[in-house]
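# Fold and geometry: a report
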Amino acid sequence: MITKTVNGVQQALEGIESNMTLMLGGFGLSGIPENAIAQLVRLNVNGLTCISNNAGVDDFGLGLLLQKKQVKKMISSYVGENAEFERQMLSGELDVELIPQGTLAERCRAAQAGFPAIYTPAGYGTEVAQGKETREFDGKMYVLEHAFKADFAFIKAWKGDAAGNLIFKGTARNFNPNMCGAAKITVAEVEELVPVGTLDPNQIHIPGIFVQRIFQGEQYEKRIEQRTIRQKG
Amino acid sequence: MALDKNQIAQRIAREVKDGYYVNLGIGIPTLVANYVQENINVEFQSENGVLGMGPFPFEGEEDADVINAGKQTITTLPGASFFDSATSFSMIRGKHVDLTILGAMEVAQNGDIANWKIPGKMVKGMGGAMDLVASAENIIVAMMHTNRAGASKLLKKCSLPLTGVACVKKIVTNLAVLEVTEKGFKLLERAPGVSIEEIKAATEGSLEIDGDIDIPEMKF
């Protein structure tokens, strides 16, 4: 068996430098690599390009990197929950590329799967398609979108083992599986690193081949963004 | 009387048919789930990766790992499934989702929709909306007929950056139900007590009214 286990978050982020391009899993605050983000803050690397569906909130998730102005460019689909982000974007301090959510997922998946680019109907006829190659298939127009090129992908899974196999939980899965193997180095952090052989091979969501480093996160806050409940009765 | 947001949702719920997989956008569309007939089988898809969404959880049962696209805590119903984002948008782009209901800032009479950006003022992003409108066969827009300043949101041509081109089929507003046709917005139903004149006044785009037929009031 090929072992992917590293000794904690410091070792997991070895090789990170300023001006790198990073993929970060998560949807809102659900399924974000909390420990890797905390370490990026500690390392104080800057000039980062971050590919992530959202930009966190002011004081959590990617918002922590934005607060310290470590991010040069964000590639996201929705950034509505972060006032500091909006301020930096409107003032021009932060370069922002907004792209359709399905296109974001598929540009990750294309990188993972060895496709240089994909055609999607999303964004055709809008400013998202400006300057991009378009093509007609069966009477419908599509936009050519290129696979992402990233240095690191930071992934959060529920359970994993030393072989790098991953299992996700609930909607914390989101972009995480699509980013595995889509960067030069994929770093997976898990809530529980279980002994090899305990995960049922039939139930693995991401095989270890897509993961280079795995560690158990020291702790998870798993903050809820919109706590919404109903009354009993 | 013009409808409130819940009544718009209630009217749209009548468009949800047995056996449909439905994607609901944020805002009024989310409310539609509350009014779907109880004797039909429908599954709600949320693009962050769940099919078979249930109601909000009871207090104390919230799970940070189970949310909808609005980042709200949710529950799942028997038969539900979770999946990654690429799979989620395969369902959407691959036309496996039967009905998409979303909000809009503007709709044009050719079916163009704008709902993601006000240049210089508000830039939240398109989220999954561009993928949804680019592929869905059946798109219903839920919105108020006019904006807060009283200006029409049903236009000849959108003034805001587009989300999708010639894609909206039906619009349900606080005043009317309209269908996008080659001639413009065809008035199908009016809100109870709302006159055709009021709807005309609130619609900047071309409004098509079938000559001699009285436009019926909405039923719920």
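Heads up: these notes are all about the structure in this document.

### Details of the sheet that holds strand S7 (residues 113-114) of chain B
All names here are of chain B. With respect to topology, three strands assemble into an open sheet ordered S7-S6-S11, the strand pairing being mixed. If you trace the sheet from one side to the other, it starts and ends with S7 and strand S11 (154-155), each paired once. Note: strand S6 (residues 106-108) against S11, two bridges, orientation parallel. Across the sheet, residue Ala108 finds its bridge partner in S11, namely Leu155.

### Some words on the pattern of salt bridges
Enumeration over the complete set of coordinates arrives at 25 salt bridges over all chains. Across the salt bridge formed by Glu127 of chain A and Lys117 of chain B, the nearest N and O atoms sit 2.6 Å from each other. Pair noted here: Glu127 of chain A is in the loop between strand S5 (117-120) and strand S6 (134-137) and Lys117 of chain B is in strand S8 (residues 117-118), and the two residues belong to different chains. Lys117 of chain B sits in the buried class, given a relative accessible area of 17%. Here Glu15 of chain B makes a salt bridge to Arg11 of chain B, at a shortest N to O gap of 3.0 Å. Several salt bridges share partner residues, and in doing so they unite Lys156, Lys169, Glu191 and Lys222 of chain A together with Asp63 and Asp65 of chain B into one network.

### Considerations on the nonpolar core
With 51 residues, the main nonpolar core has Val32, Ile101, Val141 and Ile171 of chain B as its most contacted residues. Leave out the neighbours within four places in its chain, and Ile171 of chain B touches Val107, Val141, Met143, Leu154, Ala176, Val177, Leu178, Val180 and Phe185 of chain B. Membership of the second largest hydrophobic core comes to 39 residues, among which are Ala36, Cys50, Leu94 and Val187 of chain A.

### Structural notes on helix H4 (residues 83-91) of chain A
Restricting attention to buried positions, one finds in H4 of chain A the residues Phe85, Gln88 and Met89 of chain A. Across the axial projection of H4 of chain A, the buried residues extend over an arc of 100 degrees, all falling on one side. Against helix H3 (63-67), strand S3 (71-76) and strand S4 (95-98) of chain A together with strand S9 (122-123) of chain B lie the buried residues of H4 of chain A. N-cap assignment for H4 of chain A: the residue whose side-chain oxygen lies 3.2 Å from the backbone N of Glu84 of chain A is Asn82 of chain A. Immediately downstream of H4 of chain A, the backbone of Gly92 of chain A shows phi near 85 degrees, a positive value.

### Some points on the interface of chain A and chain B
On the side of chain B, 49 residues touch chain A, which itself brings 51 residues to the contact. Between chain A and chain B lies a buried interface of about 4200 Å² when both sides are counted; carbon and sulfur atoms form 58% of it. For the interface between chain A and chain B, the tally reads six salt bridges. Asp65 of chain B serves as the salt-bridge partner of Lys222 of chain A, at 2.5 Å between the closest nitrogen and oxygen. Counting only elements with at least two residues in the side of chain A that touches chain B, the list comes to H4, helix H5 (101-113) and helix H6 (176-179) of chain A. With six residues, H5 of chain A is the largest single contributor of residues to the side of chain A that touches chain B. A breakdown of the residues in the side of chain A that touches chain B according to their chemical character gives 18 nonpolar, 19 polar and 14 charged.

### Concerning the sheet that holds S6 of chain A
All names here are of chain A. An order of S5-S7-S6 is seen for the three strands of this open sheet, with the pairing classed as antiparallel. Two strands in the sheet have a free side with no partner beyond their single neighbour: S5 and S6. Averaged over neighbouring strand pairs, the angle between their axes works out to 35 degrees when direction is ignored. As defined by bridge partners, S5 adjoins strand S7 (residues 140-146) across four bridges and the pair is classed as antiparallel. Bridge pairing in S7 links Ile118 to Glu145.

### A few points about the packing of aromatic side chains
All told, the structure shown has three aromatic pairs over all chains when counted by the stated rule. Between the aromatic rings of Phe137 of chain A and Tyr142 of chain A, the centroid separation amounts to 5.5 Å while the plane-to-plane angle is 80 degrees, which identifies the pairing as edge-to-face. Since its relative accessible area comes to 30%, Phe137 of chain A is described here as partly exposed. The interplanar angle of 10 degrees and the centroid separation of 5.7 Å between the aromatic rings of Phe152 of chain A and Phe154 of chain A together place this pair among those described as stacked. Assigned by exposure class, Phe152 of chain A and Phe154 of chain A land together as buried. An aromatic cluster of three or more residues is present, and its members are Tyr119, Phe137 and Tyr142 of chain A. The ring of Tyr220 of chain A has Lys156 of chain A lying over it, and the distance from NZ or CZ to the ring centre is 5.0 Å. In this structure, Arg230 of chain A is placed above the aromatic ring of Phe58 of chain B, and the distance from its NZ or CZ to the ring centre is 3.9 Å.

### Some words on the state of the cysteines
All names here are of chain B. Per the counting criterion, the structure on display carries zero disulfides over all chains. Cysteine Cys158 shares no disulfide, and the gap to the nearest cysteine sulfur, in Cys167, comes to 9.2 Å. Classification of Cys158 as buried rests on a relative accessible area of 13%. By relative accessible area, Cys167 is classed as buried at 5%.

About the thresholds
Residues numbered from 1 in each chain as written. Chains lettered and ligands numbered in written order. Predicted model: local features only at pLDDT ≥ 70, side-chain atom pairs only at ≥ 80, totals over all residues. Heavy atoms only, no water. Pairing = 2+ DSSP bridges. Helix = DSSP H or I, 4+ residues; strand = E, 2+ residues; numbered from the N terminus. Salt bridge = Lys/Arg side-chain N within 4 Å of Asp/Glu carboxyl O. Buried < 20%, exposed > 50% of the residue type's maximum accessible area, 1.4 Å probe, protein only. Core = buried A, V, L, I, M, F, W, Y, C linked by side-chain atoms within 4.5 Å. Contact = heavy atoms within 4.5 Å. Arc of directions from axis to C-beta. Polar contact = N/O pair within 3.5 Å; in protein donor to acceptor, adjacent residues only side chain to side chain. Buried area = accessible area lost by both parts, 1.4 Å probe. Nonpolar A, V, L, I, M, F, W, Y, C, P; charged D, E, K, R; others polar. Axes fitted to C-alpha atoms, helices over the stretch in contact; angles between N-to-C directions. Phe/Tyr/Trp six-rings, centres within 6.5 Å; stacked < 30°, edge-to-face > 60°. Lys NZ or Arg CZ within 6 Å of the ring centre and 35° of its normal. Disulfide = S-S within 2.5 Å.

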